Every structure is written in C-alpha cells, then in structure tokens.
Amino acid sequence: MSEQLQKFVADTTKSAGVGRRRRLLLGGLGGTFAAFKSGSALAGGVCNSPSAFGSIVANPQNSHKPHTFDGCQASSKGVYMNRGMATDNWGSVDKEITLADAGFPATASVLSTKKLRELLVKPAWKPDYNLIVLYLDVKTGRAAGVISESDVFAMWDIIFNSGTSDPKFAGWTTEMVQKFYLSWVGKITL
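Since the model is a prediction, treat every value here as computed from it, not as a measurement. Per chain, residues are indexed from 1 in the order of the written sequence. Given that this is a predicted model, residues contribute local features only at a pLDDT of at least 70 and side-chain atom pairs are listed and counted only at 80 or more, while totals for whole chains, interfaces and linings are drawn from all residues. Only hydrogens and water are removed before side-chain values are computed, so all heavy atoms of the structure are retained for them.

*Asks:* Kindly report on helix 7 (residues 130–140), identifying the contributing residues and their values.
*Replies:* Using a 1.4 Å probe on the protein chains alone, a residue whose accessible area is under 20% of its type maximum counts as buried, one over 50% counts as exposed, and one in between counts as partly exposed. Helical segments are the DSSP runs of H or I of at least four residues, strand segments are the runs of E of at least two, and each set is numbered from the N terminus. With 9 of 11 residues buried, helix 7 is to be regarded as a mostly interior element. Within helix 7, burial applies to Asn-130, Leu-131, Ile-132, Val-133, Leu-134, Tyr-135, Leu-136, Asp-137 and Val-138. In what follows, a contact means two residues having at least one pair of non-hydrogen atoms within 4.5 Å. Here the buried face of helix 7 lies against helix 4 (77–80), helix 5 (99–102), helix 6 (116–119), helix 8 (149–160) and helix 9 (174–185).

Structure representation (structure tokens):
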C-alpha cells in the first residue's frame, strides 16, 4: 500500500466514532487505492467520468475500473505551464483569463480577479487548483466530453463553497473531489 494511501486510511479510520461498516468499506477501498501509482510530471492520468469514479469509490469490489475514453487526454498542470510560463497548449483559451471570466463560482478564499495562469504557479499554486487543469482540458477539447465545465464548477463549489446543488455530485466530499482530480492529473492512477 502506498504511503499516501496508508495516511488516507489511517486518518480516516483513527476516529473513535468510525463504525464497523465504514472500516470495512475503507478496507475495500484499500484494494482500489493500492493500485494507484505516480505519473510523470507532464503526463496525464485517467480520463474517468465523475459517475464512474463515484461508483468505484462506493463499490470498489464490483465496479469496473475506469478506462481512457477515445480522444481523451487527461493532463497535468505541466501541459499548460512550463517553468512559470503558459505553454501553447491553451488553444483558444485566453492566457490572461480570470476565474470570473472563465465562469468559476465566486469564493470567499480565492479572488475572482486572479488569472488562471497565476494560480498554476508558485507561490499561488495549491493542489485544489488542479480543477483549473480540468477546466483547461474541457476548454481545449482534451477531455473529449468525459467531463464538462459544469462538472468542474460543481467540484469547485464542493472544494471552495462547501457543496453543490448538482445532483450528479450528491454525497461527494472535498476528499472525493481531491481523489478524482489526483487521478485525472496523474498523481494517482486507478
């Protein structure tokens, strides 16, 4: 089991209030998460849809592993940023676009006037900004319809606004969104 997975399972199960069913579920997830591996800095991960990913997390023993959909090229931030500079891979997306201009829901913690490219480099970079990478994959066609802008915005709301009203993401937590984008960008692979 990877070090990252061991920490996830330990953190999730160490609470005294965690019931037997939850521990059993996490035991099943261990098998799924144990298959995760690191991707290269510029490679993408798995083009899995939110519904497929949700099924695997909810029922890892019986769910089919997600597959790479035809035409989908899941990316990491390295595809869009190279040494702090935006690459040519942005396609028709304006490299000066702000969160507000892109349509990201407003948050209390991230200024809507921030440019996407500014958030993809240090010191602003945070792992939750992988959602910007997913957005860019959608806008450039690399996502090939596997995820949509509204999916990205719903996940953004879960992370930064404590939830979404999108029924597709009912029951999703911040942690589940983080696992989804980590699988998409190649930090862990299903």
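*Asks:* Before we move on, can you summarise the pattern of salt bridges with the specific residues and values?
*Replies:* Counted as salt bridges are all cases of a side-chain nitrogen of Lys or Arg within 4 Å of a carboxyl oxygen of Asp or Glu. Considering all chains together, one arrives at 6 salt bridges under this definition. Salt-bridge contacts for Lys-95 lead to Asp-88; the nearest nitrogen and oxygen are separated by 3.7 Å. Judged by its relative accessible area of 72%, Asp-88 falls in the exposed class. Via salt bridges that share partners, Glu-96, Lys-115 and Arg-117 belong to a single interconnected network.

*Asks:* Before we move on, can you summarise helix 9 with the specific residues and values?
*Replies:* In this analysis, the expected span of each helix is defined as 1.5 Å times one less than the number of residues it contains. In a regular helix each residue adds 1.5 Å, so 12 residues correspond to 16 Å; helix 9 covers 17 Å between its end C-alpha atoms and thus fits that length. Among the 12 residues in helix 9, 9 count as buried, and that is most of the element. Among all positions in helix 9, only Met-176, Val-177, Lys-179, Phe-180, Tyr-181, Leu-182, Ser-183, Trp-184 and Val-185 are buried. Phi for Gly-186, located one or two positions after helix 9, is positive at around 95°.

*Asks:* Give a detailed account of the packing of helix 8 against helix 9, specifying residues and quantitative values.
*Replies:* Where helix 8 meets helix 9, the axes come as close as 8 Å, and the angle between the chain directions of the two elements is 130°. Relative to helix 9, the element helix 8 lies oblique. Between helix 8 and helix 9 lies a crossing of left-handed hand. Mapping the contact onto sequence places Met-155, Ile-158 and Ile-159 in helix 8 and Thr-174, Val-177, Gln-178 and Phe-180 in helix 9. Here the residues of the contact of helix 8 with helix 9 sort into 5 nonpolar, 2 polar and no charged. Only the contacting stretch of a helix is used when fitting its axis, a line to C-alpha atoms as for every element, and angles between N-to-C directions run 0 to 180 degrees. An angle counts as roughly parallel when it lies under 35 degrees, as roughly antiparallel when it exceeds 145, as roughly perpendicular when it falls between 65 and 115, and as oblique in every other case. By convention, the crossing between two helices is left-handed when the near helix turns anticlockwise from the far helix through less than a right angle, and right-handed when the turn is clockwise. Ten residues, namely Ala, Val, Leu, Ile, Met, Phe, Trp, Tyr, Cys and Pro, are considered nonpolar, four, namely Asp, Glu, Lys and Arg, are considered charged, and the remaining ones, Gly among them, are considered polar.

*Asks:* Now, about the confidence of the model for the chain: what can you tell me, with residues and values included?
*Replies:* A residue's pLDDT is the predictor's confidence in that residue, given on a scale from 0 to 100. Of the residues in the chain, 63% reach a pLDDT of 70 or more, and the chain-wide mean stands at 76. Element-level pLDDT for the chain is lowest in helix 2 (residues 20–34), with a mean of 38, against a maximum mean of 98 in helix 5. Low pLDDT, under 50, characterises residues 1–42; the stretch is placed with 47 contacts to residues that sit more than four places away or in other chains.

*Asks:* How would you summarise the packing of helix 7 against helix 8 if you had to cite specific residues and measurements?
*Replies:* Where helix 7 meets helix 8, the axes come as close as 9 Å, and the angle between the chain directions of the two elements is 170°. In terms of axis orientation, helix 7 runs roughly antiparallel to helix 8. On helix 8, the residues that touch Leu-131, Ile-132, Leu-134, Tyr-135, Val-138 and Lys-139 of helix 7 are Glu-149, Val-152, Phe-153, Met-155, Trp-156 and Ile-159. Partitioned by chemical class, the residues of the contact of helix 7 with helix 8 number 10 nonpolar, no polar and 2 charged.

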